[in-house]
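A look at the structure
Chain residues, written in single-letter form:
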Amino acid sequence: MERPLSGLLPREIAAECGFDRPFRGTQVFKWIAAGAQSFQDMTNIPAPERESLSARFPSLLGTTVDGRFRDEDGTVKLRLRLPDGAAVETVLLTDIEGRKTACISTQVGCPMGCAFCKTGTLGFLRNLEAFEIVEQYLHLTRMFGRPSNLVFMGMGEPLLNLAQVRRSVEVLAHPEGIGLSLRKITISTCGLTEGIRDLADSGPHVRLAVSLTSAVEETRSGLMPVNRTRGLADLRDALEYYQGKTGDRITLEAVLIGGVNDRSEDIQAIADWSRPLKVQVNLIPWNPVPDLPFREPARRAVEDAVTLLESAGIPVTRRMRRGRGVLGACGQLGDTLRAPD
Ligand code: SAH
Ligand code: SF4
């Protein structure tokens, strides 16, 4: 099969299609961004060229949607079938103002093994190619309208697949195509410090979120194996370096798990640890995952955490509990992947 064009930039499309006039690459790039399904849709490409390209690329996209799950709260989860038969999930979240956010996967499974995360229990199969990342956004747009925000918070660890994440951001942000603003894109990492430094040095200059979850060394190492090799001091150094270069406020995500990391001393540790940084904290009450030995935090514990952080002068947001009905909320992705077809 030909390499799908959806992960390529205009000049690369021109080369791949063998166009001698480069602007044809831009035309095709624009059509893909606009949701064209085949070369036959591309009315500004001369008919004979359209015919031969349609024969070479019978399908413009390399992935198909083969599962669709809708929650009562409007959250939608799609299962995408990839060219090699593997599958990933992608989620569309809609907030109360109607703003749509695409929650995009970067790997099939994840090797990081966080104890509280469904994706972590699946193990790791492979990195996604840029076209497989871009097409998640294209499918969501075609089916539900254009998401204004994109977060790399689906399955996988984006900083382990930085080359393809970079390429997909370049395609999605390109002004001749979808033209998504870099300020509307967020990369979330479990705390790979070398990747954070690389991002600070070489971009793209998108928003950064870090899954901190605990600022107590032992607790974090127990929940997130990454902390055993990149401990809290190293992580804070990397974030100070990132902030020194970009000046951006960093989002710290904290999954609150009942009786594990939701006591006041746990929250105080987060406030103390983040003091040298400009951050906001996003509290995410743990979303249940069948067979994992955790429980949700008490409502009171979440409220107390908000109060404590706010009185320490840290802006706090609470993640809405959306998508639970389709297991499409944070950390629940992966339940449909072993379902029979
Ligand atoms: N691998 C990246 C991005 C994907 S995970 C990362 O870890 O940051 C996206 C977010 O979901 C992370 O903040 C993670 O801590 C959170 N998460 C994982 N499992 C969860 C669960 N069961 N309930 C709530 N949040 C969870
Ligand atoms: Fe991977 Fe993120 Fe889940 Fe950890 S929380 S296992 S890094 S997807």
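Bear in mind the structure is a predicted one, so any value in this text is a computation, not a measurement.

Remarks on the pattern of salt bridges
Here the idea is simple: oppositely charged side chains can pair when their charged atoms come close. Using the criterion set out here, one finds 20 salt bridges in the structure. Among the salt bridges present, the one from Glu 194 reaches Arg 230, with a minimum N-O distance of 2.5 Å. Placement of the pair is Glu 194 in helix α7 (residues 193-202) and Arg 230 in the loop between α8 (217-223) and α9 (232-246), with a sequence separation of 36 residues. What you see here is one network of salt bridges that share partners, running through Asp 66, Arg 79 and Arg 81.

Comments concerning the domain arrangement of the protein chain
The domain boundaries assigned to the protein chain delineate domain 1 (6-56) and domain 2 (64-326). Just the C-alpha atoms count here: the centres of domain 1 and domain 2 sit 34 Å apart. Buried surface at the junction of domain 1 and domain 2, both sides included, amounts to about 1,000 Å², of which 61% is carbon and sulfur. Taken together, domain 1 and domain 2 are joined by two salt bridges. Glu 12 serves as the salt-bridge partner of Arg 167, at 2.8 Å between the closest nitrogen and oxygen. Remark: the boundary between domain 1 and domain 2 carries three residue pairs in polar contact (both at pLDDT 80 or more). Breaking the side of domain 1 that touches domain 2 down by element, the ones donating at least two residues are α1 (10-17) and α2 (23-33).

Some details on empty space enclosed by the protein
The tally for this structure, following the rule as stated, stands at three cavities of 30 Å³ or more. Of the voids in this model, the second largest cavity is the one considered here, and its volume is about 80 Å³. Lining the second largest cavity, in full, are Leu 5, Ser 6, Leu 8, Ile 13, Phe 29, Ile 32, Ala 33, Val 134, Leu 138, Val 171, Gly 177 and Ile 178. At the level of secondary structure, the elements contributing two or more residues to the lining of the second largest cavity comprise α2 and α5 (130-144). For the lining of the second largest cavity, the residue count by class is 10 nonpolar, two polar and no charged. Of the domains in this structure, domain 1 (6-56) and domain 2 (64-326) are the two that each give at least three residues to the lining of the second largest cavity.

Rules used in this analysis
Residues numbered from 1 in each chain as written. Chains lettered and ligands numbered in written order. Predicted model: local features only at pLDDT ≥ 70, side-chain atom pairs only at ≥ 80, totals over all residues. Heavy atoms only, no water. Salt bridge = Lys/Arg side-chain N within 4 Å of Asp/Glu carboxyl O. Helix = DSSP H or I, 4+ residues; strand = E, 2+ residues; numbered from the N terminus. Domains from an automatic or database assignment. Buried area = accessible area lost by both parts, 1.4 Å probe. Polar contact = N/O pair within 3.5 Å; in protein donor to acceptor, adjacent residues only side chain to side chain. 1 Å grid on protein atoms, 1.4 Å probe; cavity = no way out; pocket = protein on both sides within 12 Å on 5 of 7 lines; lining within 4 Å. Points joined across faces, edges and corners; volume = space filled by probe spheres on them. Nonpolar A, V, L, I, M, F, W, Y, C, P; charged D, E, K, R; others polar.

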